[in-house]
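What follows is the residue order along each chain.
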Amino acid sequence: MNALPQFVETLDVCGIAADRPCKHCGAPFKGKGEFCCHGCAGAYALVQSRGLARYYQQRVADPAQPPTRPDEIETEVDLSAWSRDVAPGEKELALMVEGLQCGACVWLIEQSLLQQTGVVSARVALSTRRLTLRWKDSETDPEGLVQLVTRLGYKLVPCDPERLASEADAESKALLTAMAVAGFAAGNIMLMSISVWSGADPGTRDLLHWISALIAIPAIAYAGRPFFRSALAALKALRTNMDVPISLAITLAPSISLFETFRGGEHAYFDSAVTLLFFLLIGRYLDRRARGRAHATAARLLALNAVAATVVEPDGRQHSLPPSQLRPGMTVLIAPGGRAPADGTITTGSSDLDVSAITGESAPQRCNPGDRLFAGTLNLTGPLKMLVNAVGDSTLLADMVRLMEAAESSKSRFTRIADRVARRYAPVVHVVALTTFLGWWLGGGLAWTEALMIAVAVLIITCPCALALAVPVVQVVASQRLMRSGILLKSADALERMTGIDTVVFDKTGTLTLGRLDLQPGADPELLMIAAGIAANSRHPLARALSRAAPEATVLTGVQEHPGAGLAWEGWKLGSCAFTGQPEDAATDQVLWLVGPDGKQQRFQFSDRLRPDAEAVIARLKALGLQLEMLSGDRAAPVEDLARQLGIDAFASRLSPLDKAARLEVLAKEGRKVLMIGDGINDAAALAGAHVSMAPASGTEITQSAADVVFQGDKLEAIPLTLLLARRTDNLVRQNLGIALVYNLAAVPLAILGFVTPLIAAVAMSSSSIIVILNALRLGRFESKGAKLP
């Protein structure tokens, strides 16, 4: 075969050379040269030709985020449905950017685009990973600009900016504006109060009180709206909440102060009301921001799936629409390499699908007319027509957002206790304040205005803000800390239940292993290079695994793909047993055959790899004193081999879903608190029956619905991190409840006795809330390394 010499030249280094970093993306690879693939070589040349080589000196790669290779990026995206007119002759497009590592990546993308003719602006936000691109429609086209960024090694996906905005964003902005108004007013009024306290003469004092009133009353009316609305809603429902005493306090204090100002009184407490409002808004804004990040993450998940859909009309005409405009009953065309824009049923065509995000199976799935297809599923080989069944919020991807929102709306045991106390506490506060007022006025001989100011101080200082914040703020910070590590809490009391865990039970495939097929060693190097060169023309998972095994292979041209069967090139065949004429293999779905015209042949076996930190995590869990078991439906031999490798003494194989659930029931009857970790449909019953459960994000929809915690990525470090953080969270909740209790026991008697002015009450109450928040924020710096279970 005359094509073989080009491969033989590289055989001396195949599988022998040490890993070296790619000069462009930094990913380690074996082989000759400076780049891991042709895409990176082209990207490097492009950066150099644009005069942007400074990028390589400025970038700081994130080790937790794998680099994106240009040759693995899908480039065919229809942008016509996503562009919008913003000015005469100008259009704008919003795109999500995958592969951003640091500020140098932002600089590279912006500078590369700004050098292009017709580009008006290009702004990349690193925090949201969003590119906003504006151009002159008559001078350039967006497809070319996107191709430019793609060649640099970044994947761009069009998105709808309105979909990323939400009601929570508007509420956060409203709280921030109110906080700014209250802070501005508090600062200015405090300056005038200092002048009054310093011994101003009566005329100056009255003038400063009037100026304070002119600032305070509009500021309170505007900035107090979140509390007023909540209090009114509670009163309309014939109940009370903690915003009722707050609203009374910030209304009565300026009202009495205004009365005192009219009559030339010595004391006014505008500063107390506005300062109290300012500190309360700080706490509420921080709480809203922390909760809003979960919503933003979910919205970005939906936006990343927003690939334009090709709609096929009954008369055969085709046009593009955003997925949000699809309707059930429409027919869409999904080309090879494209993703399903909605849930539906295949009507025409056969292909292989990458369904790893839905079922957790790493092997491709064959699909035929009549099969179901879910939004986000990747079509690998042949074109498909799909009848849309569900769109938007009815799709599988939208379920994840609803699960997160349901977790936020549910409440843990501690939260329910704190809420009940706060609800019952509010009426008690009103009674105590009224009794204090009547006691000082009727029994203590004070003027009604002075007695009312003492009652206002009682209202302020007894406000149960610290109690109400004690549990939620810790949970919010804990959820945010876990989310930074790719861990999503679906159940509000998951961390609470996690504190008592003494046994951890693992599934095998997709949990302790990656659920992703990789080539096993032992293939003939010469034939491997030929197979990799052929496989580079396909998106099939096994073909891509071959390409990853020999990244230095030359991409061959003229390759023909036979959907669902294999690839052909100049007499060579690479594919299934039936396609290559080989006898059926017991592991057909994990084997490819290469057969040449001269009789040469090679069997390529693929296997599922162990997760990279599985051994370290198992050792860590054993060191924490936890009992470990592995339950699997797989054959006995691989289960036993993996258990011995990891050091798990208790294991069982060939278990049905009912068998797994029965084993967990036995453990529960023994008094064990079990954490179950699994990813497949056969794990759903066991996950639902465990004391608490976790599932990888690659798991099935049913599994994720049954699990309390979902973690992303290839590593199992999420398990010890969640366990240790749960214990730390429990300790901080108890500390915060103690702080709130001690504050109220100490401060309330002093307020009733008249030793606390409204200003001191505002500072004291706000300080207790801020202490609770700061105590909870310590959880954000939690690291699991070196931590131990109490």
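What counts and what doesn't
Residues numbered from 1 in each chain as written. Predicted model: local features only at pLDDT ≥ 70, side-chain atom pairs only at ≥ 80, totals over all residues. Heavy atoms only, no water. Helix = DSSP H or I, 4+ residues; strand = E, 2+ residues; numbered from the N terminus. Buried < 20%, exposed > 50% of the residue type's maximum accessible area, 1.4 Å probe, protein only. Contact = heavy atoms within 4.5 Å. Areas by Shrake-Rupley, 256 points an atom, 1.4 Å probe, with all protein chains shown as cover. Phe/Tyr/Trp six-rings, centres within 6.5 Å; stacked < 30°, edge-to-face > 60°. Lys NZ or Arg CZ within 6 Å of the ring centre and 35° of its normal. Pairing = 2+ DSSP bridges. Axes fitted to C-alpha atoms, helices over the stretch in contact; angles between N-to-C directions. Patch = residues over 30% accessible without salt bridge, like charges linked within 9 Å, V, L, I, M, F, W, Y side chains within 5 Å. Salt bridge = Lys/Arg side-chain N within 4 Å of Asp/Glu carboxyl O. Parallel < 35°, antiparallel > 145°, perpendicular 65-115°, else oblique. Left-handed = near helix turned anticlockwise from the far one by under 90°. Nonpolar A, V, L, I, M, F, W, Y, C, P; charged D, E, K, R; others polar. Core = buried A, V, L, I, M, F, W, Y, C linked by side-chain atoms within 4.5 Å.

1. Section: the overall build of the protein chain
Helices and strands together make up the secondary structure of the protein chain, namely 28 helices and 29 strands. Going through the 790 residues of the protein chain one by one, you find that 50% of them count as buried. Pairs at least 24 apart in sequence give 69% of the contacts found in the protein chain among residues at least 6 apart. As displayed, the protein chain offers around 34700 Å² of accessible surface, 56% of which is attributable to carbon and sulfur atoms.

2. Considering the packing of aromatic side chains
Under the definition given, this model contains three aromatic pairs. Here the aromatic rings of F259 and W448 are separated by 5.4 Å at their centres, their planes lie at 50°, and the arrangement is tilted. You can see F259 sitting in helix α10 (residues 243-262) and its partner W448 sitting in helix α15 (residues 448-461), a full 189 residues away along the chain. R225 extends its terminal NZ or CZ atom over the ring of Y222, reaching a point 4.2 Å from the ring centre. Note that K573 overlies the ring of F579, its terminal NZ or CZ placed 5.2 Å from the centroid.

3. A closer look at the sheet that holds strand β18 (residues 503-506)
If you walk across this open sheet you meet the seven strands as β17-β29-β28-β27-β18-β25-β26, and the pairing is mixed. Because the sheet does not close on itself, it has two edges, and the strands there are β17 (487-489) and β26 (650-652). In this sheet, adjacent strand axes meet at a mean angle of 20° when their direction is disregarded. Relative to strand β29 (residues 709-711), strand β28 (residues 692-696) is paired through three bridges, and the arrangement is parallel. From the neighbouring strand, A695 faces β29, where its bridge partner is V710. Lying on the sheet, helix α24 (residues 657-669) is in contact with β18, β25 (627-631) and β27 (674-677); it crosses β25 at an angle near 160°.

4. A closer look at helix α5 (residues 142-151)
Residues of α5 that are buried include every one of P142, L145, V146, L148, V149 and T150, and no others. Taken from the residues just after α5, G153 is the one with a positive phi, measuring 105°.

5. Points about the sheet that holds strand β13 (residues 365-367)
Overall, antiparallel pairing links the three strands, which are arranged β13-β12-β15 in an open sheet. The strands lining the two open edges of the sheet, one partner per strand, are β13 and β15 (378-379).

6. Let's talk about a nonpolar patch on the surface
Taken together, the side chains of F259, L434, L438, W441, L442 and W448 present a nonpolar region at the surface, about 600 Å² in accessible area. The leading source of residues in the nonpolar patch is helix α14 (residues 413-443), at four residues.

7. Considering the side chain of D613
By secondary structure assignment, the location of D613 is in the loop between β24 (601-610) and α22 (614-623). Residues contacting D613, with those up to four places away along its chain left out, are D714, K715, L716 and E717.

8. A closer look at the environment of L387
If you trace the backbone, L387 turns up in strand β16 (residues 384-390). For L387, a relative accessible area of 32% gives the class partly exposed. Once the C-alpha coordinates of L387 and T345 are considered, the two residues, 42 residues apart in sequence, prove to be 5.2 Å apart. For L387, the residues in contact, after removing those within four places along its chain, are G329, M330, T331, D343, G344, T345 and T347.

9. Considerations on the packing of helix α9 (residues 225-236) against α10
Two numbers describe a pair of packed helices, the interaxial angle and the distance between the axes. Running from amino to carboxyl end, α9 crosses α10 at an angle of 125°, the nearest separation of the two axes being 8 Å. Judged by the angle between their axes, α9 and α10 are oblique. By crossing handedness, the relation of α9 to α10 is classed as left-handed. Here F227, F228, S230, A231 and L235 of α9 come into contact with α10, specifically with D243, V244, I246, S247, I250 and T251. A class-by-class count of the residues in the contact of α9 with α10 yields seven nonpolar, three polar and one charged.

10. A short note on the packing of α15 against helix α27 (residues 718-752)
Contact geometry of α15 with α27 gives a least axis separation of 9 Å together with a crossing angle of 175°. Taken together, the axes of α15 and α27 are roughly antiparallel relative to one another. Residues I454, A457, V458 and I461 of α15 lie in contact with α27, whose contacting residues are Y743, N744, A747, V748, A751 and I752. Tallied by class, residues from the contact of α15 with α27 come to nine nonpolar, one polar and no charged.

11. A few points about the nonpolar core
Counting 49 residues, the largest nonpolar core has L621 and L675 as the members making the most contacts within it. Per-element tally for this core: the top contributor is α27, with nine residues. Excluding its chain neighbours within four sequence positions, the residues that come into contact with L675 are M498, I501, T503, V504, V505, V692, S693, M694, I719 and L723. The next biggest cluster of nonpolar side chains, apart from the first, holds 39 residues, and it includes A178, L280, V756 and A761.

12. A closer look at the pairing of β27
Because side chains alternate across β27, one face comprises the buried residues V674 and M676, and the other comprises L675 and I677, equally buried. Inspection of the sheet shows β18 paired to β27 by four bridges, in the parallel sense. Note that in β27 the partner of V505 across the bridge is M676. Across three bridges, β27 lies against β28 in parallel orientation. For M676, the partnering residue across the bridge sits in β28 and is S693.

All quantities given are derived from atomic positions and should not be read as evidence of function.
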